[in-house]
Amino acid sequence: MTITLDSKVPSGDIADMWDNHRFNIRLVNPSNKRKYKIIVVGTGLAGASAAATLAELGYEVEAFTYHDTTRRAHSIAAQGGINAAKNYPNDGDSIHRLFYDTVKGGDYRSREANVYRLAQVSNEIIDQATAQGVPFARDYGGLLDNRSFGGAQVSRTFYARGQTGQQLLLGAYQALARQVGLGNVKLHVRSEMLEVVMKDGHAAGIVTRDLTNGTISSHSAHAVVLATGGYSNVYYLSTNAMACNVTAAWRAHRKGALMANPCYTQIHPTCIPASDEFQSKLTLMSESLRNDGRIWVSKTADDARAANDIPEAERDYYLERIYPSFGNLAPRDVSSRAAMRMIEQEKGVGPLHNGVYLDFAESINRLGKDTIEARYGNLFEMYERITDENPYQVPMRIYPAPHYTMGGLWVDYNLMTNLPGLYAIGEANFSDHGANRLGASALMQGLADGYFVLPYTIGDYLADYLNTEPVPTSDPVFTEVEQAVADRTRKFLATKGTRSVDWFHRELGKIMLSNCGMARSASGLEKALSEIPALKDEFEKDVRVLGESDDMNQALENAGRVADFFELAEVMCRDALDRKESAGGHFRVEHQTDEGEAQRDDVNYSHVSAWEWKGPGQAAVKHKEPLEFKYVKLAQRSYK
């Protein structure tokens, strides 16, 4: 098929685009909404808010999650906060400033129109969540409180201690549960989407596997919405929950949906360092800790002294030194690379010398322990449980780790992929964060898409299908896909190899982290592109999946997910090799300034790279969406 990337960005002034677009797109009459059925895959913040809102509007909704409850979605793990341009502290914030900070933070690789809309609806999210009873922190006078986050010089982040994601998800969950109780949403738990079904070039439904009994079934709808999160677990070790995967998005990609900017992955600077090579999960410490914690290492390499034994004069507060205007609140990509340089200079701390210090001694002395405990108490408790170190008494140890993925399925301004009827929202799409996501923007995008954008834009597509029934699941397009899913399952079980799925996943992660992680080079990426297919071939011949297909079998689940990670990893490396510049989280060592900062090439790479699947073993084909910057002037990022 011929692919044309039409972003459908409205014309006119950016401040008026969204309002004019909402007025000009087609609507569905309230009494007609019940005639449409929509499938939502994923029930995190984006999926739960979308399913609840669409059902509240009157649509018939089916929602799917592989968890036993929607409350277990990985959105629960977000700690520090959610951005909005309320300007409650009266420190100079505005919708335009939030827009500017987000575009600059993304290293000028975002679509301006989408980012401005995100900033516009951010304020509505806070009103919605507060009305739902989300317990945002409040100041002494009882008003909603704000704190700072990396990449901004204003306080715009609303928070609920270190549990913001959990509390926001409970708000979306109660809205979803209400619609489930009313019968407007049919909720499928422990159900994993394994294929998108297409009919005449349009999304017609999905095929799922029941994770408790292995039943493969089809579900049809007028439109399908993917809200399935990101793909950082391609690195094996990441801050993501171990079940997070790329399968839903990747299955859509294999059906023709373009994968945009897959090399844009974020390394979070505030993770507890790995303690040994057999660790299976990394734990994140909220970026909000950088408000009151100071990051430092010893000025002396290989300093074996305990942190509290190193005098103040012998400490290097390197972020404050290098980036005085932003200090410890420099953006994530900048802070992560700075920490990496300290480790490379053999100044790493901890038993494995793989961390830097995050120290609260000064803020405890200045503000008092009670104040710090009120702000971060649950985070301090979590850190102590994991490390057996008391951060009130000794500095935390942190180091960068794979976290968020800015790449994802390509979508237009309406959040629809290039496949008609297939939408992607939240972290599953590429649209808002460019090459680096600013902290506290993930929750903002997920809820913006689910509560305030998709419910408007999806009607423009559905309007063409009034009084048209969804494709019946008895149609050959469904039965053929069901058979393909069953055959794939049988193939995994029949291989009878010698190595576990986890072994292959770990080996893939080592390749990716070494060659397509925080720093990338042409030679490293070429090496990865030779090693990944070889390991994938070994996986297909030598993986051993125990158990059967007709009961709960996590090894079988993981086999399918890891198989998709292999294919994704190749496209990530190909995208990183093709993009001969450094931008945000994509850092090519050949393209850096004299001071070691990212060096963009705006002449040749001011575009979205959207990759088309051409088949197993075939090189993906790149399509470009040019990026224009009319409202934020292109400039070398500086946080000094």
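Computed from a prediction, not measured in an experiment: that's the story for all the values here.

How each quantity is defined
- Residues numbered from 1 in each chain as written.
- Predicted model: local features only at pLDDT ≥ 70, side-chain atom pairs only at ≥ 80, totals over all residues.
- Heavy atoms only, no water.
- Pairing = 2+ DSSP bridges.
- Helix = DSSP H or I, 4+ residues; strand = E, 2+ residues; numbered from the N terminus.
- Axes fitted to C-alpha atoms, helices over the stretch in contact; angles between N-to-C directions.
- Parallel < 35°, antiparallel > 145°, perpendicular 65-115°, else oblique.
- Contact = heavy atoms within 4.5 Å.
- Domains from an automatic or database assignment.
- Salt bridge = Lys/Arg side-chain N within 4 Å of Asp/Glu carboxyl O.
- Polar contact = N/O pair within 3.5 Å; in protein donor to acceptor, adjacent residues only side chain to side chain.
- Nonpolar A, V, L, I, M, F, W, Y, C, P; charged D, E, K, R; others polar.
- Expected span 1.5 Å × (residues − 1).
- Bend = angle between axes of the 7 residues up to and from the residue.
- Buried < 20%, exposed > 50% of the residue type's maximum accessible area, 1.4 Å probe, protein only.
- Phe/Tyr/Trp six-rings, centres within 6.5 Å; stacked < 30°, edge-to-face > 60°.

**Student:** I keep staring at the sheet that holds strand β2 (residues 60-64) and nothing clicks. Help me out?
**Tutor:** In a beta sheet, neighbouring strands are held together by backbone hydrogen bonds and run either parallel or antiparallel to one another. Ordered in space as β5-β2-β1-β9-β17, the five strands form an open sheet in which the pairing is parallel. Two strands close off the open sheet at either side, each with one partner strand: β5 (185-188) and β17 (422-424). Mean inter-strand twist for the sheet, computed between neighbouring axes without regard to direction, equals 20 degrees. Sheet topology places strand β1 (residues 37-41) next to β2; five bridges connect them, and they run parallel. The residue bridging Val 40 from the neighbouring strand is Ala 63, located in β2.

**Student:** Just checking my understanding: could you explain unusual backbone geometry for this structure?
**Tutor:** Comment: phi is negative for the bulk of residues other than glycine, and the bulk of peptide bonds are trans. Phi at Arg 161 is positive, roughly 50 degrees, even though this residue is not glycine. Note on placement: Arg 161 falls in the loop between β4 (157-158) and α6 (164-182). The residue Lys 496 is not glycine, and still its phi comes out positive at about 55 degrees. Of note, Lys 496 is situated in the loop between α13 (476-494) and α14 (501-515).

**Student:** I keep staring at the sheet that holds strand β6 (residues 191-199) and nothing clicks. Help me out?
**Tutor:** Overall, antiparallel pairing links the three strands, which are arranged β6-β7-β8 in an open sheet. Strands with a single pairing partner mark the edges of an open sheet, and in this sheet they are β6 and β8 (216-220). Here the average twist between neighbouring strands, direction ignored, is 30 degrees. Two strands pair when backbone bridges link them, and strand β7 (residues 202-210) and β8 are joined in this way by five bridges, in the antiparallel orientation. Residue pairing in the sheet places Val 207 in a bridge with Ser 218 of β8.

**Student:** When you look at the packing of α13 against helix α16 (residues 554-578) in this model, what are you seeing that I'm missing?
**Tutor:** The packing of two helices is summarised by the inter-axis angle and the distance between the axes. Orientation of α13 relative to α16, taken along the N-to-C sense of each, is 105 degrees, at an axis distance of 10 Å. As judged from the angle between their axes, α13 and α16 are roughly perpendicular. Judged by residue contacts, Arg 488, Thr 489, Phe 492 and Leu 493 of α13 engage Leu 556, Ala 559, Gly 560, Ala 563 and Asp 564 from α16.

**Student:** In this structure, what is going on with the domain arrangement of the protein? I would like to understand it.
**Tutor:** One frequent convention defines the size of an interface as the accessible area lost when the parts assemble. Domain assignment breaks the protein into domain 1 (268-395) and domain 2 (476-602). Distance from the C-alpha centre of domain 1 to the C-alpha centre of domain 2: 31 Å. Counting residues at the interface gives ten residues for domain 1, matched by nine residues for domain 2. For the pair domain 1 and domain 2, the interface holds zero salt bridges. Inspection of the domain 1/domain 2 interface yields four residue pairs in polar contact (both at pLDDT 80 or more). Split by residue class, the side of domain 1 that touches domain 2 holds four nonpolar, two polar and four charged.

**Student:** In this structure, what is going on with helix α11 (residues 369-387)? I would like to understand it.
**Tutor:** Quick reminder: α-helices carry 3.6 residues per turn. Residues three or four places apart thus point the same way. When the terminal C-alpha atoms of α11 are compared, their 20 Å separation across 19 residues is substantially less than the 27 Å that a helix rising 1.5 Å per residue should span. At Tyr 376, α11 shows its maximal kink, close to 85 degrees. Within α11 the residues assigned to the buried category are Ile 372, Tyr 376, Gly 377, Asn 378, Leu 379, Phe 380, Tyr 383 and Thr 387. Against α10 (361-367) and β15 (396-405) lie the buried residues of α11. With its phi angle positive at about 60 degrees, Asp 388 sits one or two positions after the end of α11.

**Student:** I would appreciate a short explanation of the packing of aromatic side chains in the present structure.
**Tutor:** For any pair of aromatic rings, the description rests on two quantities: the centre-to-centre distance and the angle between the ring planes. Going through the model one piece at a time under the given rule, you end up with 22 aromatic pairs. Between Trp 18 and Tyr 413, the aromatic rings sit 6.1 Å apart at their centres with planes inclined by 70 degrees, giving edge-to-face as the arrangement. Taken together, the residues Trp 18 in helix α1 (residues 14-24) and Tyr 413 in the loop between β16 (408-409) and β17 connect sequence positions 395 residues apart. Judged on exposure class, the residue Trp 18 and its partner Tyr 413 are both buried. Between Tyr 88 and Phe 158, the aromatic rings sit 5.8 Å apart at their centres with planes inclined by 80 degrees, giving edge-to-face as the arrangement. Taken together, the residues Tyr 88 in the loop between β3 (82-83) and α4 (95-105) and Phe 158 in strand β4 connect sequence positions 70 residues apart.

**Student:** Could you clarify how one ought to interpret the pattern of salt bridges in this entry?
**Tutor:** Close approach of charged atoms allows side chains with opposite charge to pair. Scanning the entire structure with this criterion turns up 51 salt bridges. Arg 315 is paired through a salt bridge with Glu 312; the nearest N and O atoms lie 3.8 Å apart. Accessibility expressed as a relative area gives 46% for Glu 312, which makes it partly exposed. Between Arg 397 and Glu 389 there is a salt bridge, with the nearest N and O atoms lying 3.2 Å from each other. By relative accessible area, Arg 397 is classed as buried at 12%. Bridged by salt links that share partners, the residues Asp 107, Arg 109, Asp 333, Arg 337, Arg 579, Glu 581, Arg 600, Asp 602 and Arg 637 form one connected network.

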